[in-house]
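Residue-level structural notes
If you want the building blocks of each chain, they are given just below.
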Amino acid sequence: MRLTHLFFLLIFLMFSSCKEQKPQLIKIEGQQIQITDSISFNEEIESFIKPFREHIDSDLDSVLAYSPDTYTKDDTELNTAIGNLMVGIMFSEGNPVFRKRTEANIDIVVLNRGGIRAAIPKGSITERTAYKVMPFENKIVVAGLKGDKIYDIVEYLVTRKQAHPILGLKIILDKGYNLIESSINGEQIDKNKTYYVATSDYLYNGGDNMTFFKPNESYENLDYKIRNAMIDYLKKVDTINPKRDDRFIRK
Amino acid sequence: MKRRDFIQQLSAGSALTIGGLGLQSFVQDPKTTKITILHTNDVHSHIDPFDPNDGKNANQGGVARRANLIESIRKENPNTLLLDAGDIFQGTPYFNYYGGELEFKLMSMLKYDLATIGNHDFDNSIEGLYTQLPHAKFEFVSANYDFSNTIMNTHVKPYKVFKRGGIKIGVFGLGVKLQGLVDKSLFKETKYLDPIEISQDMSRILKTEEKCDLIICLSHLGYFYKNTPNKISDLNLAAATKNIDLIIGGHTHTFLEKPTIVKNSNDENMLVNQVGAYGINLGRIDFYFDRDKNKSTNGTSIIVQ
């Protein structure tokens, strides 16, 4: 009996002395491994993805409308056909939703030039085109802004000298990019009136330094992605006809 | 000592012997254990490699390639953990079409061990995230999101402890402030708690209560904000805490050339790493543990490349 006890005690002591030797961290090695085409595909994973990819591809590649030309955000100065098309879509698809909720109409649309991520090429327009032009999940939101805030928008657009797409607003500059006149739907901007300005939630939250949307008189998130508005519009039209016009020009 | 404890110690001792750590290993070559941590962040539904015509990242990334890379590393070292620091969702039509099902299923096939939750993982609302949970065979950790008044309650733990090669590894999760980043209608009653306080708690629990040998923070706070340097970020968190060995980050899509060595609040070196986005890179951190006391007195050497 005693011997057994001694035996257990010995084993226990041996073990507890080991246990005290807590693992010590002696070395750390860190690196980033690039996943390039030198690594082969895992066949099991690849065959799992394939049917999903094919389904999406067949969907995205179905033709929604036709484009008579190639349109890019660099085509022209201050306003572009593709930009005008985009804000036009935000208005035509977004306004019915906004009107239903608020019984008011969108007066102005403001988008950012940088938000147009790809050209619309001549020929077939597919859902994939919409994903390329508008890959972000940005939604249409509408802010109620007093007229003095609209002047902030005008000033922003004048100083940036970029083809940030607008609708409802008209801005005329002289040759030296100085403001000659600005108006909303043919009327002078009323400092005390509330205008409904549609934009993306990205810009509403200060994206591209557009800090004029907050504070505001009202805010409505239409829960309507700009890309989905684009797809809905393209399903309705046969051939798109975007035009550059005189909404924001130099003369 | 109570008899019950005594027996437990004994059985644990014999288990160790079976595991190869017998008398001999004490006398002869000391046992070194290598733990490999692999990690991704902000994969954003990038299941396929980038298009060959992509200007910036042509032919890079892709889950099927990542799978083979991970498999070969696991063969080399079975004591490997695979982690993701959030923003699994959103970025390609795969997410728009399948709501994250494919992302979770593929990560399960790649045998991810754990992930934390990024702001974009709320993009189909907290219900959208909850709906996809059955497709994930791995768990989620977040210590500073309080989900108790949401549908996610009980589905996300603050931390998880793994045991690999006799080494206890504690991993806790941290999420970014949702207010102002995600619409309230999407994250609902999810409460954001202070990351520093929570991390101090977590590292204490993992170190003293769970007795972990290695403590990892899986963070979606962002690497560092140059324009608002006081905003909570991985670098600021590292400096304000102790006992964390590695912060794996995300959110800011920071492509670090190599992991960053930083000092914690105890003036000890630790690592912060982030691998950009879209599954273009895989992070790999190897931790070497030694049980030989005499050999371990020189501190820890850190090699980054």
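Residues numbered from 1 in each chain as written. Chains lettered and ligands numbered in written order. Predicted model: local features only at pLDDT ≥ 70, side-chain atom pairs only at ≥ 80, totals over all residues. Heavy atoms only, no water.

Stated formally: UniProt positions are given in the numbering used here, feature names are shortened, and annotations may be inferred rather than shown by experiment.
As recorded in an unreviewed UniProt entry, chain B goes by the name Bifunctional metallophosphatase/5'-nucleotidase, listed as coming from Seonamhaeicola maritimus. Per UniProt, chain B has the following entry under Sequence similarities (unreviewed entry): "Belongs to the 5'-nucleotidase family."

You'll find chain A entered in an unreviewed UniProt entry as 5'-Nucleotidase C-terminal domain-containing protein, with Seonamhaeicola maritimus given as the organism.

Some remarks on the UniProt feature "domain: 5'-Nucleotidase C-terminal" (unreviewed entry) in chain A
In plain terms, the rule: Secondary structure is summarised from DSSP: a helix means a run of H or I of at least four residues, a strand means a run of E of at least two, and numbering begins at the N terminus for each.
If you check UniProt for "domain: 5'-Nucleotidase C-terminal" (unreviewed entry), the listed places come out as residues 77-214 of chain A in our numbering. What you have in residues 77-214 of chain A is 34% helix and 25% strand, and the ends, taken at the C-alpha atoms, are 28 Å apart.

Digging into empty space enclosed by the protein
Taking a probe equal in size to a water molecule and rolling it over the atoms shows the remaining empty space. Residues and elements named next belong to chain B. Convention followed: A cavity here means a set of points on a 1 Å grid, drawn over the protein atoms and nothing else, where a 1.4 Å probe fits but cannot get out; a pocket is an open set with protein on both sides within 12 Å along at least five of seven lines, and a residue lines either one if it has an atom within 4 Å of a point. Grid points are joined across faces, edges and corners, and a volume is the space filled by probe spheres set on the points. Under the grouping applied here, Gly and all other residues not named as nonpolar or charged are polar, the nonpolar ones being Ala, Val, Leu, Ile, Met, Phe, Trp, Tyr, Cys and Pro and the charged ones Asp, Glu, Lys and Arg.
With the rule as written, the count across this model stands at 2 cavities of 30 Å³ or more. In terms of lining residues, the largest cavity is bounded by Val43, Ser45, His46, Ile47, Val63, Arg66, Asp84, Ile88, Glu103, Leu106, Met107 and Leu110. For the lining of the largest cavity, the secondary-structure elements that each account for two or more residues are helix H3 (63-76) and helix H5 (101-109). The element contributing the most residues to the lining of the largest cavity is H5, with 3 residues. When its residues are assigned to classes, the lining of the largest cavity shows 7 nonpolar, 2 polar and 3 charged. Size it by volume and the second largest cavity reaches roughly 30 Å³.

Here's the deal with the packing of helix H3 (residues 81-102) of chain A against helix H7 (residues 226-236) of chain A
Packed helix pairs are specified by the crossing angle of their axes together with the interaxial distance, meaning the distance between the axes. All names here are of chain A. The criterion, for reference: Orientation is described by axes fitted as lines to C-alpha atoms, over the contacting stretch for helices, and by angles from 0 to 180 degrees between their N-to-C directions. The labels follow the angle: roughly parallel below 35 degrees, roughly antiparallel above 145, roughly perpendicular from 65 to 115, and oblique for the rest. Only heavy atoms enter the contact rule, under which two residues are in contact if any of them lie within 4.5 Å.
The geometry of H3 relative to H7 is characterised by a closest axis approach of 9 Å and an angle of 85° between their N-to-C directions. Considered as vectors, H3 and H7 are oriented roughly perpendicular to each other. Contacts from Leu85, Met86, Ile89, Met90, Ser92 and Glu93 in H3 reach Ile226, Ala229, Met230, Asp232, Tyr233 and Lys236 in H7. Class assignment of the residues belonging to the contact of H3 with H7 gives a composition of 8 nonpolar, 1 polar and 3 charged.

Some points on the sheet that holds strand S7 (residues 159-164) of chain B
Residues and elements named next belong to chain B. This is how it is decided: For two strands to pair, DSSP has to find at least two bridges joining them.
In spatial order, the strands read S7-S8-S10-S11-S13-S12; together these 6 strands make up an open sheet with mixed pairing. Since the sheet does not close on itself, it has two edges, and those belong to S7 and strand S12 (260-263), each with one partner. The sheet shows a mean angle of 25° between the axes of neighbouring strands, direction not considered. In terms of strand pairing, S7 meets strand S8 (residues 167-174) through 6 bridges, oriented antiparallel.

Things to note about a negative patch on the surface
The cut-off we apply is this: The patches reported here contain residues having more than 30% relative accessible area and no salt bridge. Joining distances are 9 Å for like charges and 5 Å for nonpolar side chains (Val, Leu, Ile, Met, Phe, Trp, Tyr). For the accessible areas, the method is Shrake-Rupley and the probe is 1.4 Å, while residue cover comes only from the protein chains on display. Salt bridges, as used here, are contacts in which a Lys or Arg side-chain nitrogen is within 4 Å of a carboxyl oxygen on Asp or Glu. When charges are counted, Lys and Arg contribute as positive and Asp and Glu as negative, whereas His and the chain ends are disregarded. A single reference atom marks each charge: NZ on Lys, CZ on Arg, CG on Asp, CD on Glu.
Negative charge collects at one region of the surface, where Asp148, Asp152, Glu155 and Glu217 of chain A lie side by side. As for its placement among the helices and strands, Glu217 of chain A is situated in the loop between helix H6 (201-204) and strand S10 (218-225).

A word on the UniProt feature "domain: Calcineurin-like phosphoesterase" (unreviewed entry) in chain B
Those residues carrying the UniProt feature "domain: Calcineurin-like phosphoesterase" (unreviewed entry) are residues 36-254 of chain B in this numbering. For the annotated span residues 36-254 of chain B, helix accounts for 29% and strand for 20% of the residues, and the straight-line distance between the end C-alpha atoms is 22 Å.

As for the pairing of strand S7 (residues 169-173) of chain A
Residue and element names in this part refer to chain A. Heads up, the condition is: Exposed residues in this analysis have more than 50% of their type's maximum accessible area, buried residues have under 20%, and partly exposed residues fall in between, with area computed by a 1.4 Å probe over protein chains only.
Extensive coverage of S7 is indicated by the burial of 4 of its 5 residues. Taken together, S7 and the strand that follows it, strand S8 (residues 179-184), pair antiparallel across an intervening segment of 5 residues, in which Tyr177 is found at a positive phi of about 65°. Pairing between S7 and strand S11 (residues 248-250): 3 bridges, direction parallel. For Ile172, the partnering residue across the bridge sits in S11 and is Ile249.

Concerning the interface of chain A and chain B
The criterion, for reference: In short, buried area is how much 1.4 Å probe accessible area vanishes from two parts on joining, totalled over both.
Contact residues are listed per partner, giving 47 residues for chain A and 73 residues for chain B. Of the roughly 5600 Å² buried between chain A and chain B on both sides combined, carbon and sulfur atoms contribute 62%. Counting the surface chain A buries against chain B, the share from its top three residues, Ile28, Gln32 and Ile35 of chain A, is 15%. Along the contact surface separating chain A from chain B lie 2 salt bridges. A salt bridge links Asp48 of chain B to Arg53 of chain A; the nearest nitrogen and oxygen atoms lie 2.6 Å apart.

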